[in-house]
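The lines below spell out each chain.
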Amino acid sequence: MCISRCGCLATVEDGKLVRVSADHDHPTGRAICVKAKTAPQLVTHPDRLTRPLLRTRPKGDPDPGWRPIDWNEALSLAGERLRAAGPESTAFAVTTPSGTAVADSFDWILRLVHIWGSPNLVFATENCNWHRDFSPSLTWGRSFGMPDYARTKTILLWGSNPAATWLAHAERIRAAQRRGANLIVVDPRRSGLASHADIWLAVKPGSDAALALGLIHLMLTKGGVDLDFLRLHSDAFSPCPDGECSVLERLTEHAAQWPPGRVASVTGVSEELLYRTATMIAEAKPVSLYTWAGTCQQQQATVTARCISLFYALTGSLGQPGGNRWFAKPRLNDIAAFDQVAPHLRDRTLGIKERPLGPPSRGWITTRDLFRTIVSEQPYPIRALVAFGGNFIVSKPATQYAEAALAKLDFFIQSELFETPSARWADLLLPAASCWERQGLQAGFFVDEAAEAHVQLRRALVRPPGDARSDTAIVFDLARVLGLSEDFFNGDQEAGLAHILAPSGLSVEALRSHERGLTATNLDVKGQLPVITLWSKALARLGEDALPIWEPPASPPEFPFLLTSGKTVPYCHSQFHQIETLRKLEPEPVAELAPDVAAARKVRPGDTIVIRTAVGEVYFRATINSGLSAGTIWAHYGWWRADQNINYNAVMDGECFDVVSGSNALRGIACDLTKRELLAT
Ligand SMILES: Nc1nc2c(c(=O)[nH]1)N[C@H]1C(S)=C(S)[C@@H](COP(=O)(O)OP(=O)(O)OC[C@H]3O[C@@H](n4cnc5c(=O)[nH]c(N)nc54)[C@H](O)[C@@H]3O)O[C@H]1N2
Ligand SMILES: Nc1nc2c(c(=O)[nH]1)N[C@H]1C(S)=C(S)[C@@H](COP(=O)(O)OP(=O)(O)OC[C@H]3O[C@@H](n4cnc5c(=O)[nH]c(N)nc54)[C@H](O)[C@@H]3O)O[C@H]1N2
Ligand SMILES: [Mo]
């Protein structure tokens, strides 16, 4: 159900899923979380969608007046309306494969988008994985990769909390620690592994770039830079395009603007801890690093990713045993068909001119661009939207055009498990099978070499509720009504699966008879380490800084505190709030206040508070957390309610985003708060 892809055992009795437990023999099966344990409640939940539903009442009406229809009617209507809109005027959307099991169908969805020829897919990427998977390629042509936990000496967990978000990953870190590896955690909140870390750097939310620049400065002046590595693998000793020196000398000059005193005052991390960190990194190599949502949801996320990449390149551990590596993945046939997108089609992707190095380069767009285009019909009209899950009304920041755009769409189709605030705008709501009710192929389980070579074909364990079907089936259905069956194995999903697996050395039959999965014999080995470009020519060509310059954000006096967020164990974003057991664990949205914040506003634990940003107000139950950096508020997101704003993202400014990637400022947001009464529940 999320990126952790925890190996588990499901017990089915009389056709009912009764229990889910950890499968200790699986590479990611050492533990499972409460979400998996309560899956039986998800499968049988009375609110699950069971029939295709057609809207009968106007958009914006709180009651869409759903009329159940059968699949034949739903699909012929879908075909008719999508053909009328045409591929350019139809946008697609998909929920996150990192926080759902839509990964089962993701490549098929991409194939539909690409083969039919829509330029636009709304995706969470700019706020999720872009800066882990794509921004580092500005520095070394690849993603951050995965720490080689089995061999590493020092682990830097930088804005990622796998104890709550990725158990298989957290487990590898604990094992490395037991073996003697050091752990350094950079996080404004002492949570999960931060409590077991050798060093916890409690950065002020949003100030990570300054910390990285400060570490670069210390390494370049006090030692810890691997010069031999840089000589071999980087442009460090090449002449710098903008000066009479080498790139490394230029970087040294550049980072000198961040001496420890300045870093301490901007990040809140003491000079002493900075020195200790730099020393540990210099003395206990190889170093590995993992960063995710904590550094990706910032207004200067690309600069931040660049700073962290440069810092990491200096350690000399990139691509080395015990450093970050790109484990070999099972070799598969690609069906996503990115290569079938004609260049002129990509030129039509919304945002491509403004952000050519960002997600639009892969056809991935923001809701902001989508909504504005629907309303303005510029640069061309968008009339239809087809979404596979996703709850963008809650998961993306506020944009002024959302309601007008959703009301204006001619035809909006969404496949979903539940009716959500986003689904309520649909014209046609299609019932999706959950991962327990459909087949799914997972090729690669990420966390180490063996796990990444592991391939598993999960069978449908129970029947879906009512007429619900898998997103893959829905893609094949839509392909048929759009006349694309030839590109979809003539409607034969099994033939598609066999095609995907063909190069892996594993057959569908072999996987079916080994339900725990098999190790692929044919792997795609990533070859040599690419050349590291400390000096980014790609950014310079765009008029951006070739060495990352980070500007501390404005701190308006009326908003003295910094708001940030993160995931909690019971939920994935806006999901699972319907599940009773999970709801009991976390019955309402909570804002954790650093003690100084609580004292300044005289808030006591249990008080209801309203947090105000430049954009609006949002209500929370307050708690006090002494493990937060000073001045910080750490709040839950993913909540919604009709009569009172409890949605964190409704007070995020959708117009405030990273110029290169479009990543929204969702963390480190200037705010204030007061005590207030929550409307009775
Ligand atoms: N403030 C703040 N906002 C955030 C974040 C944050 O940390 N702070 N995190 C961001 C991140 S990292 C991400 S990835 C995005 C996620 O944003 P979204 O992708 O919008 O994720 P969810 O809100 O979880 O909505 C997922 C929806 O998809 C449905 N669904 C689940 N599985 C399936 C399936 O297999 N098929 C179909 N058809 N539907 C399915 C669920 O029922 C649910 O309604 O949110 C982002 N928003
Ligand atoms: N339980 C659960 N698991 C999930 C998900 C979920 O919603 N729930 N979602 C899945 C998805 S889509 C994703 S992307 C991953 C994300 O996985 P993580 O990256 O682990 O996710 P977060 O908890 O959003 O953020 C990580 C940490 O960033 C910290 N943080 C907040 N602001 C800042 C900051 O300014 N700087 C730094 N350095 N740290 C900061 C938070 O305190 C948090 O501990 O999790 C996946 N797994
Ligand atoms: Mo995500």
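These numbers come from a predicted model, not from an experiment. (Residues numbered from 1 in each chain as written. Chains lettered and ligands numbered in written order. Predicted model: local features only at pLDDT ≥ 70, side-chain atom pairs only at ≥ 80, totals over all residues. Heavy atoms only, no water.)

Please set out the overall build of the protein residue by residue, giving values where relevant.
Tallying secondary structure elements over the protein gives 26 helices and 27 strands in all. Taken over C-alpha atoms, the radius of gyration comes to 25 Å for the protein, in line with the 26 Å a tight globule of 681 residues would show. Overall, the protein is about 70 × 60 × 50 Å in size when its C-alpha atoms are taken along their principal axes. A total of 681 residues make up the protein; the buried ones form 61% of that total. (Helix = DSSP H or I, 4+ residues; strand = E, 2+ residues; numbered from the N terminus. Rg over C-alpha atoms; globule rule 2.2 N^0.38 Å. Buried < 20%, exposed > 50% of the residue type's maximum accessible area, 1.4 Å probe, protein only.)

Could you give me a rundown of the environment of P359, with the residues and numbers involved?
Among the structural elements, P359 can be located in the loop between α16 (343-346) and β14 (364-365). Residue classification places P359 among the buried positions, given a relative accessible area of 2%. Not counting the four nearest positions on each side in its chain, P359 is found in contact with T125, E126, W130, W364 and S661. (Contact = heavy atoms within 4.5 Å.)

Could you give an account of the site of ligand 2, naming the residues involved and the relevant values?
Inspection of the region around ligand 2 gives 38 residues, with N161, D187, D208, Y571 and R667 positioned closest. Contacts to ligand 2 include D208, whose side-chain N or O atom sits 2.6 Å from a nitrogen atom. At 2.9 Å, a backbone N or O of H573 approaches an oxygen atom of ligand 2. Protein burial of ligand 2: of its 910 Å² of free accessible surface, 99% is covered by the chains. Among the elements of the structure, α7 (162-165), α14 (293-296) and β22 (561-565) are those that each provide at least two residues to the shell around ligand 2. Across the shell around ligand 2, the residue classes tally to 16 nonpolar, 16 polar and six charged. (Near = heavy atom within 4 Å. Polar contact = N/O pair within 3.5 Å; in protein donor to acceptor, adjacent residues only side chain to side chain. Areas by Shrake-Rupley, 256 points an atom, 1.4 Å probe, with all protein chains shown as cover. Nonpolar A, V, L, I, M, F, W, Y, C, P; charged D, E, K, R; others polar.)

For the sheet that holds strand β20 (residues 518-519), give the residues involved together with the corresponding values.
Where strands meet in a sheet, backbone hydrogen bonds hold them as pairs that are either parallel or antiparallel. Read from one edge to the other, the open sheet built from three strands follows the order β18-β19-β20, with strand pairing classed as antiparallel. Two strands lie at the open edges of the sheet, namely β18 (440-443) and β20, each paired on one side alone. Two strands pair when backbone bridges link them, and β18 and strand β19 (residues 454-458) are joined in this way by four bridges, in the antiparallel orientation. Bridging across to β19, G440 finds its partner in R458. (Pairing = 2+ DSSP bridges.)

Give a detailed account of the packing of helix α9 (residues 208-222) against helix α15 (residues 301-315), specifying residues and quantitative values.
Contact geometry of α9 with α15 gives a least axis separation of 8 Å together with a crossing angle of 25°. It follows from the interaxial angle that α9 and α15 lie roughly parallel. Helix-helix and strand crossings are classified by hand; for α9 and α15 the assignment is left-handed. Taken together, the residues of α15 that come into contact with α9 (itself represented by D208, A209, A212, L213, L215, I216, M219 and L220) are T304, C307, I308, L310, F311, L314 and T315. Along the lines of polarity and charge, the residues of the contact of α9 with α15 split into 12 nonpolar, two polar and one charged. (Axes fitted to C-alpha atoms, helices over the stretch in contact; angles between N-to-C directions. Parallel < 35°, antiparallel > 145°, perpendicular 65-115°, else oblique. Left-handed = near helix turned anticlockwise from the far one by under 90°.)

Please set out the packing of aromatic side chains residue by residue, giving values where relevant.
On inspection of all chains with the given rule, the structure shows 22 aromatic pairs. Pairing W130 with F134 gives two aromatic rings, centres 4.4 Å apart and planes at 20°, and the pair type is stacked. For W130, a relative accessible area of 4% gives the class buried. Each ring, one from Y290 and one from W292, has its centre 6.5 Å from the other, and the planes form 85°; the classification is edge-to-face. Taking the relative accessible area as the measure of exposure, Y290 reaches 3% and is therefore buried. What makes W292 buried here is its relative accessible area of 9%. Ring-pair connections join several aromatic residues into one group, and the members of that group are F106, F123, W130, F134, F338 and W364. Lying over the aromatic face of W634, R189 brings its terminal NZ or CZ to 3.6 Å of the ring centre. Residue placement shows R262 over the ring face of W258; its charged tip is 3.6 Å from the ring centre. (Phe/Tyr/Trp six-rings, centres within 6.5 Å; stacked < 30°, edge-to-face > 60°. Lys NZ or Arg CZ within 6 Å of the ring centre and 35° of its normal.)

Before we move on, could you go through the site of ligand 1 and cite the residues and values that matter?
Surveying the vicinity of ligand 1 reveals 30 residues, the closest of which are S395, E416, D471, S574 and N649. Backbone polar atom of T96 to an oxygen atom of ligand 1: 3.1 Å apart, as the coordinates give it. Between ligand 1 and R438 there is a distance of 3.0 Å, counted from an oxygen atom to a side-chain nitrogen or oxygen. Compared with its free state, where it exposes 920 Å², ligand 1 has 96% of that area covered by protein. For the shell around ligand 1, a count of residues per class yields nine nonpolar, 16 polar and five charged.

Before we move on, could you go through the UniProt feature "domain: 4Fe-4S Mo/W bis-MGD-type" (unreviewed entry) in the protein and cite the residues and values that matter?
When the UniProt feature table is mapped to this numbering, "domain: 4Fe-4S Mo/W bis-MGD-type" (unreviewed entry) covers residues 1-47. Between the end C-alpha atoms of residues 1-47 the distance is 19 Å, and the span holds 19% helix and 28% strand. (UniProt positions renumbered as here; feature names shortened; annotations may be inferred.)

For helix α8 (residues 167-178), give the residues involved together with the corresponding values.
Taking 1.5 Å of rise per residue, 12 residues should cover 16 Å, and α8 covers 16 Å from first to last C-alpha, within 8% of that figure. For α8, the full list of buried residues reads A168, H169, A170, E171, R172, I173, A176 and Q177. Tucked into the core, α8 has its buried residues touching β7 (146-147), β8 (154-158), α7, β9 (182-186), β11 (287-291) and α20 (449-452). Positive backbone phi, at 115°, marks G180, one or two positions downstream of α8. (Expected span 1.5 Å × (residues − 1).)

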